[in-house]
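Architecture and fold: a report
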There are 2 protein chains.
Amino acid sequence: MAAETVSAALTLKDIAREAGVSLATVDRVLHNRPGVRPDTVRRVQETIARNAFQPHVAAAELARGRARRFAFVMPTGANPFMQQIEAYLGEMSAWLSARRLGVELINTDVFDPSVLAVTLETLSGDYDGVAVVALDHPGVRAAINDLVDAGTKVVTLVSDVPSSRRHHYVGIDNIAAGRTAGALVGRLVGEKPGKVAIIAGSQGLRDHAERIFGFNQVMASEFSHLDILPLLEGRDEDDRSEQLISRLLDKHPDIISLYNVGAGTQGVAKALTEAGRERQIVFIAHDLTAMTRRLLLQGTLDVAISQNPGHEARAAVRVLLSLARNEPILSEQENIRIDILMRDNLP
Amino acid sequence: MAAETVSAALTLKDIAREAGVSLATVDRVLHNRPGVRPDTVRRVQETIARNAFQPHVAAAELARGRARRFAFVMPTGANPFMQQIEAYLGEMSAWLSARRLGVELINTDVFDPSVLAVTLETLSGDYDGVAVVALDHPGVRAAINDLVDAGTKVVTLVSDVPSSRRHHYVGIDNIAAGRTAGALVGRLVGEKPGKVAIIAGSQGLRDHAERIFGFNQVMASEFSHLDILPLLEGRDEDDRSEQLISRLLDKHPDIISLYNVGAGTQGVAKALTEAGRERQIVFIAHDLTAMTRRLLLQGTLDVAISQNPGHEARAAVRVLLSLARNEPILSEQENIRIDILMRDNLP
DNA sequence: GGCGTTTTGAGGTACGCAACTCATTTTGAG
DNA sequence: CTCAAAATGAGTTGCGTACCTCAAAACGCC
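Residues numbered from 1 in each chain as written. Chains lettered and ligands numbered in written order. Predicted model: local features only at pLDDT ≥ 70, side-chain atom pairs only at ≥ 80, totals over all residues. Heavy atoms only, no water.

Looking at the pattern of salt bridges
- Taken as a whole and judged by the stated rule, the model has 50 salt bridges over all chains.
- We note a salt bridge from Arg325(A) to Glu327(A), for which the minimum N-O separation is 4.0 Å.
- For Glu327(A), a relative accessible area of 16% corresponds to the buried category.
- Across the salt bridge formed by Glu210(B) and Arg206(B), the nearest N and O atoms sit 3.1 Å from each other. Taken as a pair, Glu210(B) and Arg206(B) lie in helix H10 (residues 206–222) at a separation of four residues, close to a single helical turn.
- If you follow the salt bridges from partner to partner, you end up with Glu61(A), Arg68(A), Arg325(A), Glu327(A) and Arg99(B) in one network. (Salt bridge = Lys/Arg side-chain N within 4 Å of Asp/Glu carboxyl O. Buried < 20%, exposed > 50% of the residue type's maximum accessible area, 1.4 Å probe, protein only. Helix = DSSP H or I, 4+ residues; strand = E, 2+ residues; numbered from the N terminus.)

Structural data, given as C-alpha cells:
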C-alpha cells in the first residue's frame, strides 16, 4: 500500500563524514569557494549526488542572515494588465515578509530604451534579482547583460529579450497566442464567408506584432475563404479604437469577426454595440479584466485570450528566488499558459 | 521612482520589548499556549498586528526540528490523469526534500467507500496532512471528519466531499466544465441542426454526473436546435467506448458533434476515424495526455477541456504546508482553472 | 494578611547551515 | 631535502524560532 521510504534527512555533517573530509571542505565545495583540490571536489560532489543530499533551505536561509531584495521594473501608466501584476505582488506581501524577501516596484518608461537601460544600470549591486518588462533593444540588452555579469539574477516579464543573457523569461509565446486567436475566429464563424477586422495598439510593439503574425499565419493557411481587412492601429486607446471600428463597421456591412490584439477593448465593444451588431460578429480580445469579464458574460465578447497576471507575478518571484538560492526551477510550474476564457470557464 | 519601504525585519524579541512582556509570553501567545491573561494576550496580539509581524518561516521550520509528513491517497489502477499527478509529485522531490517534507503515496480503491474510509482511519496520527481523491459517501465523510478532529490537515483532490469539514478542495468545478463543453459544442457546430452524442464513464461518478448536468443545462437553454442523443456509458474503457460509438455513428449519419465526458478518448477517436468522419464531427473530450495531444494536433479532437495535473499536485502540497504552518493560503494561486486546450495553445 | 493558584520572566538548548579564522598538514617545485 | 604555497581540518559564532524548565511575581479568595 505505501511507497517511498522517508529519507533519513542527512545533514552536511553526514556528507562530510561519508566523504572523509571536514565540514569546512564540504562547505567550500558547496559554494564553489577556492582552495580545494579537484579530486576532493569530485569526491564530495559524488557523495552529495549519491545521497541526493539537499541542504535544508530553512537552515541555509537563516544562516545567510542578509535578506534578499528583488526589484520589479514595470511600466508607468495605467495599463490594467500591469496593474494586476502589481496588485498580485501586493497580495504576496505576507508571504514575502515571512521569508524576509523584499520586493520593490520601480516604475519607469519601459518603452524608451535609453530610459529603461539607465534604470537598469542604477540597480546594479543593490538587488539580488530583477524582473523587468523589457523592450527588445540593443541598449536594453546590454544593460541586462551587465546586470547578469554583476551577479544579479534577471528575469524578463511579459515581454522578452531573447538575445540577452537573462536567466529566464516569464510570459507567453505571443505568436502562439495570435495563432490561437486566428483558429478561434475561423472555427467560430463557421463556413460562411465574410470579412475579418483586426485592430492592434501598434505594430511597433513586439507582442502585438507577434500576435498579428500568428493570427495571419493561421488565417492564410486554414481559413483562406475569409477576407482579412487591413490592420487598424488604435494605440491601445478606447476612444480612438471606437472611432476606427465604428467607421469600419459602417463601411463593411459584411464583417463577421473582429480581433482586438491589444487594449482598447472597451472602445471596440462600444462601437460594436452602437452599431447593433454585437451578437452577429465574433469578437475576440485579450486579457481578463473586470470589463472583459462583463463583456464575456453579456455575450458581446466571445473569447478572451489571456495570460494569468497572478501566475506571472508569483512565477517571477519564485524563479528569482530559486535562481538566487541555486535551486532548480520547476519549469512546468513557471511556464505561463495561453488561457482561452469563455463565459463558462471564467475563474 | 521607487516605492515600498523595506520593512525592518522585526523579530520576536522586538515584539516582546514593544509589548512589555518577555519572549516566553510572546511565544505562548503565538502558539495559543495556556497561562496568559486575556489582557496580555490582547496586548501582544495588537503589537504583532500593529507591526505586521511575520515569524521568519525559515527559523520556525528549523527550530521545529521534526519533519512534516503528508500522505496522498490516490486511486489504484491505470488512470492516466492520476498518474500524471503522481508524476508531478515525483518531480517535486528535490523541492520537498530541501524543505524536509515527506510525501507518501498511498494507493487504494477510492471507489469503494468502506475501503477508502478504513484507509483514511489508519492514517490518523501518522501524518501532518492528507490529500485524498475522495468519494462523496457518508463513511468517507466521517473518516475525513475524524482526521480533521485529530488535528490532521485534510485536502480533497480532484473530487470533493463538500459536506465534510475538509480544510480545502483542490480541483475544478465540474458543472462549469460541462457547461464549457456544451458552449463549445454549440459554438463550433454553428447554426446547422443535427444530433449530438455524449458518452461518459458512468453516471454514478460524481464528476461525470456534474459535467453531464452542466452540458445539458447549456444545450437546453442555448442550443435547443441540437438534438442530444441518450447518454452512453463506456466505463472509461477504450474498447467499450469504441464499440458504442461505432454503432451509434452507423445508426445516425447526422451526428455533428461528440462529447466524451470521461476517459476512453482513444477508443472514441478510433471509432470516429474508422467511420471516416473525424473531421466532420466536432469532437470534445477531457484531459491532456500524450494521446489527446496527438489527436488535437491531427485535428481529430477539436478541444480538450482539462485541469492541470501538475498544478493540482503542487497546489495540494502548498495548501497542506500552509495549513500546517498556519500560514494564509493564496487562494488565487491555488484555484484550479478549467483549461480550454486547442491545437495552438497546447502547453 | 496568608494562602494557593495563576501568570510571567529569565534563561537555556537545539535546529542546520553560512561564513569566518587560524592552525596544521599536504603538495609540488626547485 | 627544503620551503613556500596550497589544501584541509577544527573550531567558533550567529541567524530566529520552538520548546522546555524553574523561579519569581502577581493575583484572587477566604
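Concerning the relation of the copies chain B and chain A
- Under the fitted operation, chain B is carried onto chain A by 0.0 Å of movement along the axis and a turn of 180 degrees, and the coordinates agree to an RMSD of 0.1 Å. Both copies of the chain, as the preceding transformation shows, are related through a two-fold rotation axis. Closest to the rotation axis within chain B is the C-alpha of Ala58(B), separated from it by 2.1 Å. (Least-squares fit on C-alpha atoms with pLDDT ≥ 70 in both.)

Let's talk about the domain arrangement of chain A
Residues and elements named next belong to chain A.
- Assigned domains of chain A: these are domain 1 (12–55), domain 2 (67–171 + 309–337) and domain 3 (174–306).
- Of note, the centres of domain 2 and domain 3, computed from C-alpha atoms alone, are 30 Å apart.
- Each side of the interface is counted separately: domain 2 has nine residues, and domain 3 has seven residues.
- In total, about 510 Å² of surface goes out of reach between domain 2 and domain 3, with carbon and sulfur atoms giving 49% of it.
- When the area that domain 2 buries against domain 3 is broken down by residue, the three leading residues are Phe 81, Gln 84 and Asp 136, summing to 42%.
- For the interface between domain 2 and domain 3, the tally reads one salt bridge.
- Counting every contact that joins domain 2 to domain 3 gives two residue pairs in polar contact (both at pLDDT 80 or more). (Domains from an automatic or database assignment. Contact = heavy atoms within 4.5 Å. Buried area = accessible area lost by both parts, 1.4 Å probe. Polar contact = N/O pair within 3.5 Å; in protein donor to acceptor, adjacent residues only side chain to side chain.)

Brief notes about the interface of chain B and chain A
- At the interface, 65 residues of chain B touch 65 residues of chain A.
- Counting the surface lost from both chain B and chain A, the interface buries some 5600 Å², and carbon and sulfur atoms represent 52% of this.
- In this structure, the connection of chain B to chain A is made through 12 salt bridges.
- Across the pair Arg187(A) and Asp302(B) runs a salt bridge whose closest N-O atoms are separated by 2.7 Å.
- The interface formed by chain B and chain A contains 24 residue pairs in polar contact (both at pLDDT 80 or more).
- No other element matches the seven residues that helix H9 (residues 174–189) of chain B contributes to the side of chain B that touches chain A.

Some thoughts on the protein's contact with DNA strand D
- Surrounding DNA strand D, one finds 26 residues, the nearest of these being Ser22(A), Arg37(A), Thr40(A), Leu12(B) and Ala63(B).
- Backbone atoms, meaning sugar and phosphate, form 67% of the atoms of DNA strand D found within 4 Å of the protein.
- A distance of 2.6 Å separates a phosphate oxygen of DNA strand D from a polar backbone atom of Leu12(B).
- Here a phosphate oxygen of DNA strand D sits 2.8 Å away from a polar atom, N or O, in the side chain of His31(B).
- The class makeup of the residues in the surface near DNA strand D is 12 nonpolar, eight polar and six charged. (Near = heavy atom within 4 Å. Nonpolar A, V, L, I, M, F, W, Y, C, P; charged D, E, K, R; others polar.)

Overview of the packing of helix H11 (residues 238–251) of chain A against helix H12 (residues 265–274) of chain A
All names here are of chain A.
- In the contact formed by H11 and H12, the axes pass within 7 Å of each other and the chain directions differ by 35 degrees. The element H11 and its partner H12 pack so that their crossing is right-handed. Residues Asp 238, Ser 241, Glu 242, Ile 245, Ser 246 and Leu 249 of H11 touch H12, and the partners they reach there are Thr 265, Gln 266, Gly 267, Val 268, Lys 270, Ala 271, Leu 272 and Glu 274.
- Of the residues belonging to the contact of H11 with H12, the class tally is five nonpolar, five polar and four charged. (Axes fitted to C-alpha atoms, helices over the stretch in contact; angles between N-to-C directions. Left-handed = near helix turned anticlockwise from the far one by under 90°.)

Some points on empty space enclosed by the protein
- Counted under the stated rule, the structure contains two cavities of 30 Å³ or more.
- Empty space within the largest cavity amounts to approximately 590 Å³.
- The wall of the largest cavity is formed by 36 residues, among which Trp95(A), Arg99(A), Trp95(B), Arg99(B) and Arg325(B) lie closest to the centre.
- Every element with two or more residues in the lining of the largest cavity is listed here: helix H4 (57–64), helix H14 (309–325) and helix H15 (331–334) of chain A together with helix H4 (57–64), helix H14 (309–325) and helix H15 (331–334) of chain B.
- Its residues assigned to classes, the lining of the largest cavity shows 16 nonpolar, six polar and 14 charged.
- For the second largest cavity, the calculated volume is near 50 Å³.
- Elements represented by at least two residues in the lining of the second largest cavity include exactly strand E12 (339–341) of chain A together with strand E12 (339–341) of chain B.
- Class assignment for the residues of the lining of the second largest cavity results in six nonpolar, no polar and four charged. (1 Å grid on protein atoms, 1.4 Å probe; cavity = no way out; pocket = protein on both sides within 12 Å on 5 of 7 lines; lining within 4 Å. Points joined across faces, edges and corners; volume = space filled by probe spheres on them.)

Looking at the protein's contact with DNA strand C
- Every one of the 26 residues lining DNA strand C counts as a neighbour, but Leu12(A), Ser22(B), Thr25(B), Arg37(B) and Thr40(B) are closest to it.
- Each atom of DNA strand C within 4 Å of the protein belongs either to a base or to sugar and phosphate, the latter forming 66%.
- Between His31(A) and DNA strand C, the recorded distance is 2.9 Å, taken from a side-chain N or O atom to a phosphate oxygen.
- Between DNA strand C and Arg33(A), the relevant distance is 3.5 Å, taken from a phosphate oxygen to a side-chain nitrogen or oxygen of the residue.
- Class assignment of the residues belonging to the surface near DNA strand C gives a composition of 12 nonpolar, eight polar and six charged.

What about the nonpolar core?
- Phe72(A), Leu157(A), Ile284(A), Phe72(B), Leu157(B) and Ile284(B) are the most contacted members of the largest nonpolar core, which has 112 residues in total.
- In this structure, Phe72(B) is in contact with Leu89(B), Val103(B), Glu104(B), Leu105(B), Ile106(B), Ala131(B), Leu157(B), Ala313(B), Ala316(B), Val317(B) and Leu320(B), ignoring residues within four places of it in sequence. (Core = buried A, V, L, I, M, F, W, Y, C linked by side-chain atoms within 4.5 Å.)

Re the packing of aromatic side chains
- Under the definition given, this model contains two aromatic pairs over all chains.
- Here the aromatic rings of Phe215(A) and Tyr259(A) are separated by 4.6 Å at their centres, their planes lie at 25 degrees, and the arrangement is stacked. Taken together, the positions of Phe215(A) in helix H10 (residues 206–222) and Tyr259(A) in strand E9 (residues 255–260) put the pair 44 residues apart, joining distant regions of the chain. Tyr259(A) matches Phe215(A) in its accessibility class, with the two residues each being buried.
- The side chain of Arg99(A) reaches across the aromatic face of Trp95(A), ending 4.0 Å from its centre.
- In this structure, Arg69(B) packs its charged tip against the face of Tyr127(B), placed 4.6 Å from the ring centre. (Phe/Tyr/Trp six-rings, centres within 6.5 Å; stacked < 30°, edge-to-face > 60°. Lys NZ or Arg CZ within 6 Å of the ring centre and 35° of its normal.)

Quick notes on the sheet that holds strand E1 (residues 68–75) of chain B
All names here are of chain B.
- Across the sheet, which stays open at both edges, the five strands sit in the order E2-E1-E3-E4-E5 with parallel pairing between neighbours. Among the strands making up the open sheet, the edge pair consists of strand E2 (101–108) and strand E5 (168–170). Strand after strand, the sheet turns through a mean of 20 degrees between neighbouring axes, direction not considered.
- For E1 and strand E3 (residues 129–132), the ladder comprises four bridges, and the chain directions are parallel. Note that in E3 the partner of Phe 70 across the bridge is Gly 129.
- This element, H14, spans E1, E2, E3, strand E4 (153–157) and E5 of the sheet and lies at about 140 degrees to E1. (Pairing = 2+ DSSP bridges.)

Some words on helix H5 (residues 80–91) of chain B
- Counted at 1.5 Å a residue, the expected span for H5(B) with its 12 residues is 16 Å, and the 16 Å between its end C-alpha atoms agrees.
- Listed in full, the buried residues belonging to H5(B) are Phe81(B), Met82(B), Gln84(B), Ile85(B), Tyr88(B) and Leu89(B). An end-on view of H5(B) places all buried positions within 155 degrees of arc, on one side of the element.
- Those residues of H5(B) hidden inside the fold are in contact with H15 of chain A together with E1, helix H6 (93–98), E2, E4 and H14 of chain B.
- By the N-cap criterion, in which a side-chain oxygen at the helix start approaches the backbone nitrogen of a residue two or three places on, H5(B) is capped by Asn79(B), the distance to Phe81(B) being 2.9 Å. (Expected span 1.5 Å × (residues − 1). Arc of directions from axis to C-beta.)

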